[in-house]
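Residue-level structural notes
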Amino acid sequence: MTHPLITADDIQNYQNEGAVLIKGLFKDHIETIRAGIERNMAEPGPYAAENLNEGESGRFFDDYCNWTRIAEFEEVIRTSPAAEVAADLMASRRVQVFHDHVLVKEPGTSKPTPWHQDGPYYFVDGRQNVSFWSPMDPVKDASLRCVAGSHLWEKPVLPTRWLAQTSFFPDEDAYMPVPDPDAEGMEIREWEMEPGDAVAFSFASLHGARGNTAQARRRAFSLRLVGDDARYVARPGPTSPPFPGHGMQAGDILREDWFPVIFNR
């Protein structure tokens, strides 16, 4: 039996396209997440970033790995249906937390979120993974955009630094250049969304977002989860997030004291 929020078709679409819309995944937790985002912005963590160059309008704030210090985020992670839905989408017996991520585009922020895959930035290998991206404000043009089927590409996309647009790792030959999906006619999935809806997408899915030219904020909460086949993999440089001092070796299951199991069949 799958969770009532999803269908067998949703699971198949997730496996085939790498992204699917889950209506109402966090609908019972909207105010809690909003409160957590406000706390996060008032008390940024060590990885908080402002993603605009000098002279660009608006504000584009992001921060991650805060769920262990922001009680609202931990409550949502442990009590929402996200973990069980993730297990169904990934076809996994167990679900571990990888990290949380907050992205806020204030009104009039024209800067887009660059096209990228999350996986190349991470020290996690495996197919059983899922990110949930959930807006806390109604979104239309500033919604998440995912390239259908990109999670099955043979070569990962080059990870870059969002502001400098330089390569994140030294071996560029191991990656394909960042494509321009609009110019290249790729199949892009995007949805108008209400607060609490979520896009579920693979760590390997190419995704991005337009700027927020509306007169309202665009607050988004993301949750990254991994399944049975997730293993630590060494990268040719510091990863994002880095998790310094983790002590894991290539091929290890992610240590459960740092990345707890939140669902088990």
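Described below are features of the structure shown in this document. Keep in mind the model is a prediction, meaning the values are calculated, not measured.

The periodicity of an α-helix, 3.6 residues per turn, causes residues three or four positions apart to be oriented the same way. Compared with the 18 Å implied by 1.5 Å per residue over 13 residues, the 18 Å span of helix H2 (residues 30-42) between its first and last C-alpha is a close match. Every buried residue of H2 is listed here: Ile 30, Thr 32, Ile 33, Gly 36, Ile 37, Asn 40 and Met 41. Angularly, the buried residues of H2 cover 165 degrees about the axis, an arc narrow enough to put them on a single face. Seen from the buried face of H2, the exposed residues on the opposite side, beyond 90 degrees, are Glu 31 and Ala 42. Elements that come into contact with the buried residues of H2 comprise strand E3 (60-64), helix H3 (71-79), strand E4 (94-105) and strand E12 (218-226).

Let us look at the nonpolar core. Ranked by size, the top nonpolar core spans 38 residues in total, and within it Leu 89, Val 95, Val 130, Phe 132 and Leu 225 carry the most contacts. Element by element, the count of residues in this core is highest for helix H4 (residues 82-90), at seven residues. Counting 17 residues, the second-largest nonpolar core is a separate cluster that includes Phe 123, Phe 168, Ala 230 and Leu 254.

Now for the packing of helix H1 (residues 8-17) against H4. To characterise two packed helices, one gives the angle between the axes of the helices and the distance between these axes. In the contact formed by H1 and H4, the axes pass within 8 Å of each other and the chain directions differ by 65 degrees. Contact with H1, carried on its side by Asp 10, Ile 11, Tyr 14 and Gln 15, involves Asp 88, Leu 89 and Met 90 of H4 and no other residues of that element. Of the residues in the contact of H1 with H4, the class split is four nonpolar, one polar and two charged.

Remark: a regular strand shows side chains that alternate across the two faces of the sheet. Burial runs high along E4: 12 of the 12 residues are buried. Where E3 and E4 come together, five bridges link them in antiparallel fashion. Counterpart to Phe 60 in the pairing with E4 is Lys 105. One ladder, built from three bridges, connects E4 with strand E14 (residues 261-264); its direction is antiparallel.

Moving on, we come to the environment of Arg 34. Take Arg 34: it is sitting in helix H2. Note on Arg 34: relative accessible area 21%, which makes it partly exposed. Put simply, Arg 34 and Gln 15 are 19 residues apart on the chain and 30 Å apart in space, counted from C-alpha to C-alpha. If we skip the residues at most four places from it in the chain, Arg 34 touches Met 136, Pro 195 and Arg 219. From its side chain, Arg 34 meets the backbone oxygen of Met 136 in a polar contact 2.8 Å long.

Rules used in this analysis
Residues numbered from 1 in each chain as written. Predicted model: local features only at pLDDT ≥ 70, side-chain atom pairs only at ≥ 80, totals over all residues. Heavy atoms only, no water. Helix = DSSP H or I, 4+ residues; strand = E, 2+ residues; numbered from the N terminus. Expected span 1.5 Å × (residues − 1). Buried < 20%, exposed > 50% of the residue type's maximum accessible area, 1.4 Å probe, protein only. Arc of directions from axis to C-beta. Contact = heavy atoms within 4.5 Å. Core = buried A, V, L, I, M, F, W, Y, C linked by side-chain atoms within 4.5 Å. Axes fitted to C-alpha atoms, helices over the stretch in contact; angles between N-to-C directions. Nonpolar A, V, L, I, M, F, W, Y, C, P; charged D, E, K, R; others polar. Pairing = 2+ DSSP bridges. Polar contact = N/O pair within 3.5 Å; in protein donor to acceptor, adjacent residues only side chain to side chain.

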